[in-house]
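The lines below spell out each chain.
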Amino acid sequence: MTTSEKDKPRVWRHAHLATLDERFPGLGIIENGAIAVEDGRIAFAGPESALPAAFAGAETVDCEGRWITPGLIDCHTHLVHAGDRAQEFELRLAGASYEEISRAGGGIVSSVKALRAASEDELVRQTLPRLDALIAEGVTTVEIKSGYGLDTENELKSLRAARRIADERDVTVRTTFLGAHALPTEMNGDRTAYIDKVVGEMLPAVAAEGLADAVDGFCEGIAFSPEDMARVFDTATAHGLPVKLHADQLSNLHGAELAARYGALSADHLEYTDDAGAAAMAKAGTVAVILPGAFYFIRETKKPPVELFRKHGVKMAVATDSNPGTSPLTSLLLTMNMAATLFGMTVEECLAGTTREAARALGLVDEVGTLETGKWADFVLWDISRPAELVYRMGFNPMHARVRSGQ
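Computed from a predicted model, the values in this text were never measured in an experiment. (Residues numbered from 1 in each chain as written. Predicted model: local features only at pLDDT ≥ 70, side-chain atom pairs only at ≥ 80, totals over all residues. Heavy atoms only, no water.)

Describe in detail the overall build of the chain, supporting the description with residues and values.
Broken down by element type, the chain carries 16 helices and 15 strands. Across its three principal axes, the chain shows a C-alpha extent of roughly 70 × 45 × 45 Å. By the burial criterion, 55% of the 407 residues in the chain qualify as buried. Relative to all contacts within the chain whose residues are 6 or more apart in sequence, the contacts with residues 24 or more apart total 71%. Per element, the accessible surface of the chain, about 16,000 Å² overall, is 51% carbon and sulfur. The positive charge centre, built from 40 side chains, and the negative charge centre, built from 58, are 1 Å apart in the chain. (Helix = DSSP H or I, 4+ residues; strand = E, 2+ residues; numbered from the N terminus. Buried < 20%, exposed > 50% of the residue type's maximum accessible area, 1.4 Å probe, protein only. Contact = heavy atoms within 4.5 Å. Areas by Shrake-Rupley, 256 points an atom, 1.4 Å probe, with all protein chains shown as cover. Lys, Arg positive; Asp, Glu negative; His and termini not counted. Charge placed at Lys NZ, Arg CZ, Asp CG, Glu CD.)

Talk me through the UniProt feature "binding site: N-formimidoyl-L-glutamate" (unreviewed entry) in the chain; I want residue IDs and the actual numbers.
Following the UniProt record, the feature "binding site: N-formimidoyl-L-glutamate" (unreviewed entry) maps to Tyr 148, Asn 323 and Gly 325 here. These annotated residues cover 178 residues of sequence, and their C-alpha atoms lie no more than 11.2 Å from one another, placing them together at a single site. You can see Tyr 148 is positioned in the loop between strand S7 (139-145) and helix H6 (152-168). Excluding anything up to four places from it in sequence, Tyr 148 contacts His 78, Val 80, His 81, Ile 108, Ser 111, Val 112, Leu 115, Glu 155, His 181, Asn 323 and Pro 324. Given the relative accessible area of 5%, Asn 323 is considered buried. At 2.8 Å, the side chain of Asn 323 forms a polar contact with the backbone oxygen of Asp 321. (UniProt positions renumbered as here; feature names shortened; annotations may be inferred. Polar contact = N/O pair within 3.5 Å; in protein donor to acceptor, adjacent residues only side chain to side chain.)

Give a detailed account of the pattern of salt bridges, specifying residues and quantitative values.
With the rule as written, the count across this model stands at 32 salt bridges. With a closest N to O distance of 3.0 Å, Arg 66 and Glu 64 form a salt bridge. Overall, the relative accessible area of 15% leaves Arg 66 in the buried class. The partner of Arg 116 in a salt bridge is Glu 186, with the nearest N and O atoms 2.8 Å apart. Here the residue Arg 116 occupies a position in helix H4 (residues 108-117), and Glu 186 occupies one in the loop between strand S8 (172-180) and helix H7 (191-209), the gap between them amounting to 70 residues. Salt bridges here are not isolated pairs; linked through shared partners, they connect Glu 22, Lys 315, Arg 356, Glu 357 and Arg 360. (Salt bridge = Lys/Arg side-chain N within 4 Å of Asp/Glu carboxyl O.)

Tell me what's going on with the nonpolar core, and back it up with residues and numbers.
The biggest cluster of nonpolar side chains holds 88 residues, and the ones touching the most others in it are Val 142, Phe 177, Met 229, Val 232, Phe 309 and Met 345. For this core, the element with the highest residue contribution is H7, accounting for seven residues. Ignoring sequence-local partners within four residues, the contact set of Phe 309 consists of Leu 270, Thr 273, Ala 278, Met 281, Ala 288, Ile 290, Val 314 and Met 316. (Core = buried A, V, L, I, M, F, W, Y, C linked by side-chain atoms within 4.5 Å.)

Just give me the short version of the packing of aromatic side chains, but keep the residues and values in it.
Across all of its chains, the model carries five aromatic pairs by this definition. Between Trp 12 and Phe 379 the ring centres are 5.1 Å apart and the planes differ by 85°, which places this aromatic pair in the edge-to-face class. Taken together, the residues Trp 12 in strand S1 (residues 10-18) and Phe 379 in strand S14 (residues 379-382) connect sequence positions 367 residues apart. A residue is classified by how much of its surface remains accessible, and Trp 12, at 6% relative accessible area, is buried. Look at Phe 379 and you get buried, because its relative accessible area is 0%. Between Phe 295 and Phe 343, the ring centres sit 4.9 Å apart and the planes meet at 75°, which makes this aromatic pair edge-to-face. (Phe/Tyr/Trp six-rings, centres within 6.5 Å; stacked < 30°, edge-to-face > 60°.)

Tell me about a nonpolar patch on the surface, and please be specific about residues and values.
On the surface, a cluster of nonpolar side chains totalling about 240 Å² of accessible area is made up of Ile 222, Leu 250 and Ile 298. Position of Ile 298 among the secondary structure elements: in the loop between helix H11 (292-297) and helix H12 (306-312). (Patch = residues over 30% accessible without salt bridge, like charges linked within 9 Å, V, L, I, M, F, W, Y side chains within 5 Å.)

Provide a residue-level description of the side chain of Thr 273, including the pertinent values.
Along the chain, Thr 273 turns up in the loop between strand S11 (266-269) and helix H10 (275-284). Of note is the side chain of Thr 273, whose polar atom sits 2.7 Å from the side chain of Asp 248. Excluding residues that lie within four positions of it along the chain, Thr 273 makes contacts with Asp 248, Ala 256, Ala 278, Pro 305, Leu 308 and Phe 309.

Go over the environment of Arg 261 with me, naming the residues and quoting the values.
Note that Arg 261 resides in helix H9 (residues 255-261). Taking the C-alpha atoms as reference points, Arg 261 and Ala 230, separated by 31 residues in sequence, lie 9.7 Å from one another.

Talk me through helix H8 (residues 226-238); I want residue IDs and the actual numbers.
Spanning 13 residues, H8 covers 18 Å between terminal C-alpha atoms, matching the ideal 18 Å at 1.5 Å per step. For H8, the full list of buried residues reads Asp 228, Met 229, Ala 230, Val 232, Phe 233, Thr 235 and Ala 236. Lining the buried residues of H8 we find S8, H7, strand S9 (214-219), strand S10 (244-247) and H9. Immediately downstream of H8, the backbone of Gly 240 shows phi near 75°, a positive value. (Expected span 1.5 Å × (residues − 1).)

If you had to explain the pairing of strand S2 (residues 29-38) to someone new, which residues and values would you point to?
As paired strands, S1 and S2 are joined by six bridges and run antiparallel to one another. Bridge assignment links Arg 10 to a residue of S2, and that residue is Val 37. Across six bridges, the pairing between S2 and strand S3 (residues 41-47) is antiparallel. Looking across to S3, one finds that Val 37 is bridged to Ile 42. Joining the antiparallel neighbours S2 and S3 is a turn of two residues, in which Asp 39 adopts a positive phi near 55°. (Pairing = 2+ DSSP bridges.)

So what's going on with the sheet that holds strand S6 (residues 72-74)? Which residues, and what values?
One open sheet accounts for eight strands, arranged S6-S7-S8-S9-S10-S11-S12-S13; its pairing is parallel. Whereas interior strands pair on both sides, the edge strands pair on one side only; in this sheet they are S6 and strand S13 (316-318). Adjacent strand axes in the sheet meet at a mean angle of 25°, parallel and antiparallel pairs treated alike. Of the pairings in the sheet, the one linking S10 to S11 comprises four bridges and is parallel in character. (Axes fitted to C-alpha atoms, helices over the stretch in contact; angles between N-to-C directions.)

Below you can see the structure in the form of structure tokens.
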């Protein structure tokens, strides 16, 4: 297709729209709607009866009464990794503890070893099938974190592989530097020395190559302290990079408040976040990213405080947390069902959480996440009778067609 053909106006008609436009209640539903696209962006999204006359001669796609939603967005993944940890899964099922698995060379140490041994080309090759599974369910934007390299060379390699993914597939990729993910074995338990390396060497190298859209960290007793993360965030801010945080997953170190203090795009996991943390996030506009896959896979019992987030008006996103150790999940549709079933999130919260609020968590809400004039024409056609089906079903993919930038 030539460039001029791609830029021609197109109209998707005879559809039902779940626009997720905040100017309208609920899902922003428009029955008997249409979407007009020009130059890759939405030029009109509304009732077909109000379609501007300027599109009368445009190429038309008959949606035959299907539903259209914004393209799905997975705003928290660790897609770039090498190998798997299925053997650890077997060991856990047999009763082995996390400590026993770690002493046997498992845990994140095994993922670090595998990633360091893999070439950039190999990382891309292994990542693509995981990405393809997400794309097949209507994902048009995905965030990919580093964090399994844990030294400058391999963190850069991981982020370069993530950036290459966008050249291999028709998807928007946002990359996040997660150098403060875990302490590599060669540091012999010296967290301060490792954070010195993160802020003095790794993060500046990542920024110099323009490989990251944001900086993240794991603030937890088994990882890094709030003071460690403050140092990372100060350095990220100095390099003009927004921040995100794995916060309050296993204990309450007041990570949510730390993230809010730095105006973080998001704080993620949040099982132990308290009232003060939720209030701080609401005030800062920091999105709560809910990750039911990890909760399910590691058999957690402490649920994220969804009611607190509702009470304070914290925006909630939902993501897969796709990673080899604690959430080997590559279905955003199943993730929505888990968020509803395990955490009591509503259909509206789940769908907004994988579109509009996921875009907000990536700093992209002005560009994608809703069906609104001016935004990129990223949307999905579904063979469903009502939007609730997307949350209700398990192991069933009703996607009919996926459109990105109008194509």
